[in-house]
Amino acid sequence: MKKEDTVKLISAEGFEFVIDKNAAMVSQTIRNMLTSPGDFAETERQEVRFPEISTTILEKICQYFYWSLQYASGKETEFHIEPELTLELMMAANYLHT
């Protein structure tokens, strides 16, 4: 995968997730950050920092992005969410518009 086809998402703890740009675009918030006109750091570096989202939650969000792409292409599978992550995931999903 070419660097221009990827996006780096960085958690509150500084953990970096390098994912496919198409997967990241599942999130309307990330899409807006990466495609907005102007000299925004996110657009130039193709990386987004999330100081309020923990590594565990951001990892689950990345998994969801890939799952969402598969679901949209017709592959219907379950997306398991651990009960202890539900509240934090809901808050993150609300912020990310996913």
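Here, the structure is the one placed above.
Here's a quick rundown of the structure. (Residues numbered from 1 in each chain as written. Predicted model: local features only at pLDDT ≥ 70, side-chain atom pairs only at ≥ 80, totals over all residues. Heavy atoms only, no water.)

### What to know about the packing of aromatic side chains
Right, on to step 1. One pass over the full model with this rule turns up 6 aromatic pairs.
Right, on to step 2. A ring pair is formed by Phe15 and Phe17, whose centres lie 4.9 Å apart and whose planes are at 55°; its orientation type is tilted.
Right, on to step 3. We classify Phe15 as partly exposed; its relative accessible area is 45%.
Right, on to step 4. The exposure class of Phe17 is buried, given its relative accessible area of 12%.
Right, on to step 5. Joined through ring pairs, the aromatic side chains of Tyr64, Trp67, Tyr71 and Phe79 make up one cluster. (Phe/Tyr/Trp six-rings, centres within 6.5 Å; stacked < 30°, edge-to-face > 60°. Buried < 20%, exposed > 50% of the residue type's maximum accessible area, 1.4 Å probe, protein only.)

### Looking at the side chain of Ser11
Right, on to step 1. Positionally, Ser11 belongs in the loop between β1 (6–10) and β2 (16–20).
Right, on to step 2. Judged by relative accessible area, which is 5%, Ser11 ranks as buried.
Right, on to step 3. Among the polar contacts listed, one links the side chain of Ser11 to the side chain of Thr55, at a separation of 2.7 Å.
Right, on to step 4. When residues no more than four places from it in sequence are discounted, the contact partners of Ser11 are Phe50, Ile53, Ser54, Thr55 and Leu58. (Helix = DSSP H or I, 4+ residues; strand = E, 2+ residues; numbered from the N terminus. Polar contact = N/O pair within 3.5 Å; in protein donor to acceptor, adjacent residues only side chain to side chain. Contact = heavy atoms within 4.5 Å.)

### Regarding the environment of Leu34
Right, on to step 1. Its place among the elements puts Leu34 in helix α2 (residues 28–35).
Right, on to step 2. Residue Leu34 is classed as buried on the basis of its relative accessible area of 4%.
Right, on to step 3. Sequence separation between Leu34 and Gln46 is 12 residues; the distance between their C-alpha atoms is 6.6 Å.

### Observations regarding α2
Right, on to step 1. Every buried residue belonging to α2 is among Thr29, Ile30 and Leu34, and all of these are buried. Along the long axis of α2, the arc covered by the buried residues comes to 125°, so they all point the same way.
Right, on to step 2. Contacts made by the buried residues of α2 are with β1, α1 (21–24), α3 (41–45), β3 (47–49), α4 (55–72) and α5 (86–96).
Right, on to step 3. The backbone nitrogen of Thr29 has a side-chain oxygen 3.3 Å away, supplied by the residue at the start of α2, namely Ser27. (Arc of directions from axis to C-beta.)

Everything listed here is a matter of geometry and, on its own, says nothing about what the molecule does.
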